[in-house]
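What follows is the residue order along each chain.
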Amino acid sequence: MNFVCTSCGKRETASSLAPRCPCGGLWKLDFTPPPFDPALFDGSARGVFRYRAFLPLEGGAWRSVTLGEGATPIARVGGALFKLDFLMPTLSFKDRGAAVLAARMKELGVARAVQDSSGNAGNSVAAYCARAGIACEIFVPEGTSPGKIDMIRAHGATCILVPGDRDRCAEVCRARVENEGLFYASHVYNPYFYEGTKTYVYEIYEQLGGMPEALVLPLGNGTLLLGAMLGLEHLLASGRISDMPRILAVQSANCAPILEARRLGLSAPAPVKPLPTLAEGIAIGKPARGTEILGYIRKHNVEVIPAPEDGIAAARDALAREGIFVEYTSAATYAAYLDYVNQRGPIGECLLPATGAGLKGAH
Ligand SMILES: Cc1ncc(COP(=O)(O)O)c(C=O)c1O
Ligand SMILES: [Zn+2]
């Protein structure tokens, strides 16, 4: 298996521990799974690893790492469907990616790692590194929800609070990776993470017997969006779906480099000055895979829509009144959907992810 640089095309073995290409570009995995076929599902595994025939793992390291993450229910709320992806061991969808990444790290014999996160991915990586016996340090921006910080520490990881915003936190962590040659267990840089998040799409396909007309996805660093693209393109190439569903990608109106790039016709994220937002998980001013994301957006006519800041709290309350208590970042996706439907009219059967639990993100 090989990594390919998304910037210069250089190839490197996928067992390389280098966080990115010497040119600075991020790796993509050159991996074509076998055609999607229910006959290949692993009936002995639950959730993410049920689909392991389509994952780029070698050997059985995943068995001692998995906690049965995934296999989340789909519930109807009003006119939309919600996949309750916060029903995971660490209470966010990031467990899909972290379980696969940690299994891969175990295969590679990684003993120590660092990562930066707005909180949820840090929770996931801390938990699964603990499972895999890997020591880790997680960098989070100062002001991250205390529940997330406590949880990172509870898993035995060191949690470092970095003054400034999420982008600065990433810069500080990446400088440590470069200077000390540490393994970067990044949900943004490491391609194995997206192999985990792609199972979101496989599960929807299996649960609904196909794809709904539309998917609404959050868009910060794009870990769910890029994973969903891998999964959907796989279903398409396997002849399981004949068209891509309509996709709406949600950015915070207060931090929208991809939305702005679309508006200006740019192929890289637009420079923006992030304003404060309740949606801490998608407040990414400089998404490292922004150019790649914009490539998929053009290729599949993804619409990028804003989450109005003044609608987020109300959207969270509305979901809670339906029994679904999510964090503000997750509610932002619903707020954007409601705003869009309000302005443009109904968009058919539409599925949204409930990505993170409300109790963790109490501001
Ligand atoms: C609760 C929640 N929802 C959504 C996201 C969106 O992340 P991404 O764009 O990386 O998929 C995050 C990221 O941290 C999150 O914590
Ligand atoms: Zn390169």
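Keep in mind that this is a model prediction, so the values were computed, not measured.

*Asks:* Tell me about the sheet that holds strand E3 (residues 27–30), and name the residues and values.
*Replies:* Spatially, three strands are ordered E2-E1-E3 in an open sheet, and the strand pairing comes out antiparallel. Edge positions in the open sheet fall to strand E2 (11–13) and E3, since each of these has one partner strand only. Taking the axes of each pair of neighbouring strands and ignoring which way they run, one obtains an average angle of 35° across the sheet. Direction of pairing for strand E1 (residues 2–5) relative to E3: antiparallel, over a ladder of four bridges.

*Asks:* Mind laying out the site of ligand 1, listing which residues take part and the relevant values?
*Replies:* Around ligand 1 sit 18 residues in total, of which Asn120, Gly220, Gly222, Thr223 and Thr355 are the nearest. Here an oxygen atom of ligand 1 and a backbone polar atom of Asn221 are 3.2 Å apart. Here ligand 1 has 390 Å² of accessible area as a free molecule, and 98% of this is covered by the chains. Within the residue set of the shell around ligand 1, elements represented by two or more residues are helix H8 (223–237) and helix H12 (328–344).

*Asks:* Could you give an account of the sheet that holds strand E5 (residues 80–83), with specific residues and numbers?
*Replies:* Taken together, six strands build an open sheet; the order of strands is E4-E5-E13-E10-E11-E12 and the sheet is mixed. Looking at strand neighbours, the two that pair on one side only are strand E4 (74–77) and strand E12 (303–307), the edges of this open sheet. For this sheet the average axis-to-axis angle between neighbouring strands, irrespective of direction, equals 30°. As paired strands, E5 and strand E13 (residues 350–353) are joined by three bridges and run parallel to one another. Its bridge partner lying in E13, Leu81 is registered against Leu351.

*Asks:* I'd like to hear about the pairing of strand E7 (residues 135–141), residue by residue, with values.
*Replies:* Across the seven residues that make up E7, a large majority, six, are buried. Summarising the sheet, strand E6 (residues 112–116) and E7 pair through five bridges and their orientation is parallel. Bridge pairing in E7 places Asp116 opposite Phe139. Handedness of the E6-helix H3 (residues 120–132)-E7 crossover: right-handed. Direction of pairing for E7 relative to strand E8 (residues 158–162): parallel, over a ladder of five bridges. The residue bridging Phe139 from the neighbouring strand is Ile160, located in E8. At this point the chain moves from E7, through helix H4 (residues 146–154), to the parallel E8, and the crossover so formed is right-handed.

*Asks:* A description of the pattern of salt bridges should follow, citing residues and the corresponding values.
*Replies:* Enumeration over the complete set of coordinates arrives at 24 salt bridges. For Asp116, the salt bridge identified is with Arg166, shortest N-O distance 3.0 Å. Of this pair, Asp116 sits in strand E6 while Arg166 sits in helix H5 (residues 166–180), placing them 50 residues apart in sequence. For Asp116, a relative accessible area of 0% puts it in the buried group. If you follow the salt bridges from partner to partner, you end up with Lys83, Asp85, Arg96 and Glu203 in one network.

*Asks:* Could you give an account of the pairing of E4, naming the residues involved and the relevant values?
*Replies:* Relative to E5, E4 is paired through four bridges, and the arrangement is antiparallel. By the bridge assignment for E5, Ala75 is matched with Phe82.

*Asks:* Account for H8, with residues named and values stated.
*Replies:* Residues lying three or four places apart along an α-helix face the same way, a consequence of the helix completing one turn every 3.6 residues. In this model, H8 (15 residues) spans 21 Å end to end at C-alpha, consistent with the 21 Å of a helix rising 1.5 Å per residue. Here H8 lies mainly inside the structure; 11 of its 15 residues are buried. Buried within H8 are the following residues: Thr223, Leu224, Leu225, Leu226, Gly227, Ala228, Met229, Gly231, Leu232, His234 and Leu235. Of the residues flanking the end of H8, it is Gly239, one or two places downstream, whose phi is positive at about 75°.

*Asks:* I'd like a description of the nonpolar core, backed by residues and values.
*Replies:* Counting 48 residues, the largest nonpolar core has Phe36, Met211, Leu225, Leu232, Leu235, Ile247 and Ile297 as the members making the most contacts within it. Elements supplying a minimum of two residues to this core: H5, helix H7 (199–208), strand E10 (214–218), H8, strand E11 (246–252), helix H9 (257–264) and helix H10 (290–299). Sorting elements by how many residues they give to this core places H8 first, with seven residues. Among all residues touching Ile247, those that are not within four sequence positions of it are Leu215, Leu217, Leu225, Met229, Leu232, Asn301, Val302 and Glu303. Of all hydrophobic cores here, the second largest spans 40 residues; its members include Leu101, Cys129, Val140 and Phe193.

*Asks:* Talk me through the coordination of the zinc ion (ligand 2); I want residue IDs and the actual numbers.
*Replies:* For the zinc ion (ligand 2), the full set of protein donor atoms is Cys5 (SG), Cys8 (SG), Cys21 (SG) and Cys23 (SG), and the range of their distances to it is 2.3 Å. Considered as a linear motif, the donors of the zinc ion (ligand 2) on their single chain read C-x2-C-x12-C-x1-C. You can see Cys8 sitting in the loop between E1 and E2 and its partner Cys23 sitting in the loop between E2 and E3, a full 15 residues away along the chain. The class for Cys8 is partly exposed, based on a relative accessible area of 47%.

*Asks:* Help me get a handle on the domain arrangement of the protein chain, residues and values and all.
*Replies:* Each assigned domain of the protein chain is listed with its residue range as follows: domain 1 (1–30) and domain 2 (74–88 + 197–353). A C-alpha centroid distance of 27 Å is found between domain 1 and domain 2. Summed over both sides, the interface between domain 1 and domain 2 buries roughly 320 Å², with carbon and sulfur atoms accounting for 49% of that surface. The interface formed by domain 1 and domain 2 contains zero salt bridges. On inspection of domain 1 and its partner domain 2, the count reaches two residue pairs in polar contact (both at pLDDT 80 or more).

Criteria and thresholds
Residues numbered from 1 in each chain as written. Chains lettered and ligands numbered in written order. Predicted model: local features only at pLDDT ≥ 70, side-chain atom pairs only at ≥ 80, totals over all residues. Heavy atoms only, no water. Pairing = 2+ DSSP bridges. Helix = DSSP H or I, 4+ residues; strand = E, 2+ residues; numbered from the N terminus. Axes fitted to C-alpha atoms, helices over the stretch in contact; angles between N-to-C directions. Near = heavy atom within 4 Å. Polar contact = N/O pair within 3.5 Å; in protein donor to acceptor, adjacent residues only side chain to side chain. Areas by Shrake-Rupley, 256 points an atom, 1.4 Å probe, with all protein chains shown as cover. Buried < 20%, exposed > 50% of the residue type's maximum accessible area, 1.4 Å probe, protein only. Right-handed = clockwise from strand over helix to strand, strands pointing away. Salt bridge = Lys/Arg side-chain N within 4 Å of Asp/Glu carboxyl O. Expected span 1.5 Å × (residues − 1). Core = buried A, V, L, I, M, F, W, Y, C linked by side-chain atoms within 4.5 Å. Contact = heavy atoms within 4.5 Å. Donors = N, O, S within 2.8 Å, 3.2 Å for Na, K, Ca; no water. Domains from an automatic or database assignment. Buried area = accessible area lost by both parts, 1.4 Å probe.

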